[in-house]
Structures are given as structure tokens and as C-alpha cells.
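Letter by letter, the chains look like this.
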Amino acid sequence: MSNRIFALLFFVLVGHVLAAVPAAAPVESALRRFLDAELQHRKASYQIGPLSSFDGLQPCPQPPRVSWPPGAQPSGSTQVSVACPSIGWVVKVPVTISETRYGMVTTRAIGAGEVLADTDVQRVVVPNPTLARSVLQEPGEVVGQSARSGIPAGSWLRAFMLRPPQVVKAGQKVQVHAGGDGFAVLADGIANRSAAAGEVVAVRMGSGRLVQGVAQKDGTVQVQY
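This section reports on the structure supplied with the text. Since the model is a prediction, treat every value here as computed from it, not as a measurement.

Broken down by element type, the protein chain carries three helices and 15 strands. In the protein chain, which comprises 225 residues, the share counted as buried stands at 32%. Taking the intrachain contacts of the protein chain between residues at least 6 apart in sequence as the baseline, contacts between residues at least 24 apart amount to 48%. With an accessible surface of roughly 13,500 Å², the protein chain has 56% of that area assigned to carbon and sulfur atoms.

In C-alpha cells form, the structure reads like this:
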């Protein structure tokens, strides 16, 4: 009889010990694994917020599922979702991600239509994480591009401010390369509008006929039949 009482007390004691293990115990390690993997290719550090929301929850019998909530940005002050599907709880944990982000800034005033050179821009640290999301970050994204309109000196460069340079100008005489099955023809015409490489442009030929072709990097127009 005493052995049975001892066994009962043992299982009750073990049950109390297991119940005392906070749900937050495995959560932090799961969060760190997730964030380490997500940020491994970025120069970023993170700080996990309070985990007190897990104190009254039943511990998850399997490793909790960690993910970005819908709409969450993986930078600045954000949130990470931690879920235990088998029990049904989901908790959003505040996380602060600090990262050195760079952006491209003009070093002088740029006129509309000007093509940007290396000396026209510089890469500097962006102080605001929100601003960093919209600013172009690499020289290759801006050098060789044309300004859609005038850009003041010291401006952060964004994609909508630039376009590929125009290789064909409206009213310009261009060489048209026309080709098809078994034939190729070269002729001159007048471009009806300006176009960047890869854009469709209409060209009026000497006969008065209007043809459409694709502007090439060398300023010619390719017409395919």
C-alpha cells in the first residue's frame, strides 16, 4: 500500500514540475534560430522583446512554429509570430532589428534627361529604416540611368526618378534593320518619338510608310517580320 502511495505522490510531483516549466522556455531559442537564419546575409543585429505573454500558456509539446506575421517588415521595430499548432496558441513577439543600410545620393544637381556618372552619386548610410526601403542602394542601379526630371544635389535616389537612357530621339534619323525568313533589309527613317533600348518606337520611312520596331542599344531600330 505504501509503495502505491509513493508512486502516486511521485507522479503528482512530476506533473507539478512539468507544469511549472514556462511556455517561454523553448520559445527564445526558437526565436533566435529563426532570426539568425533570416538575417544571416545581412549586417544586422536584433533584440527580442519581453516574453511574459507566454507565462500563463501551456508549454508546446513540439518546437513552436516561428514566422513573420502578414505585413510585418523584417527591419526596425517589428513583430515575429510564434505558434503552437497542436495546442492552438499564437503570440506575436516584439523584435527590434538594427541594420546598417546604405543608399545612393546625388553629389550635384542633375538636369532632366542627364545620364548619371560615377561622380554624380555617392553611397552613404541611410539613418532612417523606413527611408531605406524606398532608396536605391547600389551604384549599379543608378549609374548609366537617365533622370526623368531635375534632381537637386543631395537627393536620395529612388527608382521612379530614373529611367534607362534614350538611345533614339524623336525626329532623329535612324537606321532600320528589317528582317524575316530568308531576307534582311537596311534603310533609313525618322523616329516618331524618343525611346530607350528595348522600347517599341515608330519610324517613318522615306516612302512615307510608318513601321514599328524595337530600339537597340546602338541606336538602330530592329523590325522583325
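Let's pick the thread back up.
Okay, the state of the cysteines next. Evaluated as defined, the whole model comprises one disulfide. Each disulfide pairs two cysteine sulfurs, and for Cys60 the partner residue is Cys84, the sulfurs being separated by 2.1 Å. In this structure the cystine formed by Cys60 and Cys84 twists about its S-S bond by roughly 85°; its chirality is therefore right-handed. Of this pair, Cys60 sits in the loop between strand S1 (44-48) and strand S2 (65-67) while Cys84 sits in strand S3 (residues 76-84), and the two are 24 residues apart along the sequence. As far as the burial class goes, Cys60 and Cys84 line up, both buried.

The antiparallel open sheet is built from four strands, whose spatial order is S1-S4-S3-S2. A single partner strand is all that each edge strand has here, and the edge strands are S1 and S2. The sheet shows a mean angle of 30° between the axes of neighbouring strands, taken without regard to direction. In this sheet, strand S4 (residues 89-99) lies alongside S3 in antiparallel orientation, the contact comprising nine bridges. Directly across from Ser81, in S4, lies its bridge partner Lys92.

Conventions used here
- Residues numbered from 1 in each chain as written.
- Predicted model: local features only at pLDDT ≥ 70, side-chain atom pairs only at ≥ 80, totals over all residues.
- Heavy atoms only, no water.
- Helix = DSSP H or I, 4+ residues; strand = E, 2+ residues; numbered from the N terminus.
- Buried < 20%, exposed > 50% of the residue type's maximum accessible area, 1.4 Å probe, protein only.
- Contact = heavy atoms within 4.5 Å.
- Areas by Shrake-Rupley, 256 points an atom, 1.4 Å probe, with all protein chains shown as cover.
- Disulfide = S-S within 2.5 Å.
- Pairing = 2+ DSSP bridges.
- Axes fitted to C-alpha atoms, helices over the stretch in contact; angles between N-to-C directions.

Keep in mind these numbers describe shape, not what the thing actually does.
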